[in-house]
Amino acid sequence: MPDWFSHFFIWMQGLSPVWAYLTLFVVAYGENVVPPIPGDMVVVFAGYMAGIGQLHLSAVVALSTTGGAAGFMTMYAAGYKLGEAVLDPDRLRWMPRQGFDRAQRWIRTYGYGVIAANRFLSGARSVISLTAGMFQMEPGRTAWWCTASALVWTGLISYAGYAVGENWSLVVQYLRAYGRIVLVLLLLIAAGLLFRWYWHREESPSPQQAGTDGTRSEGKGTHDS
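Residues numbered from 1 in each chain as written. Predicted model: local features only at pLDDT ≥ 70, side-chain atom pairs only at ≥ 80, totals over all residues. Heavy atoms only, no water.

Quick word on the side chain of asparagine 118
For step 1, the next point in the chain: With respect to the helices and strands, asparagine 118 occurs in the loop between helix H6 (112-117) and helix H7 (125-134).
For step 2, the next point in the chain: A relative accessible area of 1% places asparagine 118 in the buried class.
For step 3, the next point in the chain: Here isoleucine 115 takes part through its backbone oxygen, which lies 2.7 Å from a polar atom of the side chain of asparagine 118.
For step 4, the next point in the chain: Once you skip the residues sitting within four places of it in the chain, asparagine 118 turns out to touch Phe72, Arg125, Ile128, Cys146 and Ser149. (Helix = DSSP H or I, 4+ residues; strand = E, 2+ residues; numbered from the N terminus. Buried < 20%, exposed > 50% of the residue type's maximum accessible area, 1.4 Å probe, protein only. Polar contact = N/O pair within 3.5 Å; in protein donor to acceptor, adjacent residues only side chain to side chain. Contact = heavy atoms within 4.5 Å.)

What follows is the structure in structure tokens.
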């Protein structure tokens, strides 16, 4: 773990509960707006702090869920307002540009299921929220599903930090490995969808070919009669 992470966690552990909760909320919100922020690590550490009695686990889950959902909806609102302008490489330069095409395919295919799964799709959360806004998905349903996703995910990882105690950094290592596995799976799914699209495109007759076949059938029927 980099030194500045260690210094940050030492600093956070020295805070009063009120300031520790505020830090947790700000980080949970910020990781959706500025993706490099390692929000999951902070949630796991807050779970550890709950395990040693400095914080309450229910408050950790509530604040990380609220912060995460609020951050998601902030980026959703930006995408809703900007529309396809979010695809402009000169805008939102800190966002991972390569994920937008993938997020668009997912939403076209799975709809609100992508919003429900967004917290489990490491590295794609902010892109999904922007794309959902760009597609102008219904705000109420989007807020519901992103909150449910955040609640389940933060509940799991904060409890993991709570349960393992001093070994909380192991959870972070597992999360990193999980992120790599998810990335590989997403690439395989994207490749599969692309192959399926290409296969159906090759099998489906073009409009010109269909018209030619229809004309031949008509001609044959007239000749037979």
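Side note on the packing of aromatic side chains
For step 1, the next point in the chain: For the coordinates displayed, the defined rule picks out seven aromatic pairs.
For step 2, the next point in the chain: Ring centres of phenylalanine 45 and tyrosine 48 lie 5.5 Å apart, and the angle between their planes is 45°; this geometry places the pair in the tilted category. In this pair, phenylalanine 45 and tyrosine 48 both sit in helix H3 (residues 39-51), three residues apart, roughly one turn of the helix.
For step 3, the next point in the chain: You can call tyrosine 48 buried: its relative accessible area is 5%.
For step 4, the next point in the chain: Relative to tyrosine 162, the ring of tyrosine 159 lies with its centre 5.9 Å away and its plane at 25°, an arrangement referred to as stacked. Placement of both tyrosine 159 and tyrosine 162 in helix H8 (residues 139-164) is noted, with a separation of three residues, approximately one turn of the helix. (Phe/Tyr/Trp six-rings, centres within 6.5 Å; stacked < 30°, edge-to-face > 60°.)

Some words on the packing of helix H2 (residues 17-33) against helix H4 (residues 57-82)
For step 1, the next point in the chain: In contact at an axis separation of 7 Å, H2 and H4 are set at 30° when each is read in the N-to-C sense. By the angle class used here, H2 and H4 are roughly parallel. Seen along the crossing, H2 lies across H4 with a hand that is right-handed. Judged by residue contacts, Tyr21, Leu24, Phe25, Ala28, Tyr29, Asn32 and Val33 of H2 engage Ala59, Val60, Leu63, Ser64, Thr66, Gly67, Gly68, Ala70, Gly71, Phe72, Thr74 and Met75 from H4.
For step 2, the next point in the chain: In terms of residue class, the contact of H2 with H4 is built from 12 nonpolar, seven polar and no charged. (Axes fitted to C-alpha atoms, helices over the stretch in contact; angles between N-to-C directions. Parallel < 35°, antiparallel > 145°, perpendicular 65-115°, else oblique. Left-handed = near helix turned anticlockwise from the far one by under 90°. Nonpolar A, V, L, I, M, F, W, Y, C, P; charged D, E, K, R; others polar.)

Remember that the coordinates give geometry; whether it matters functionally is a separate question.
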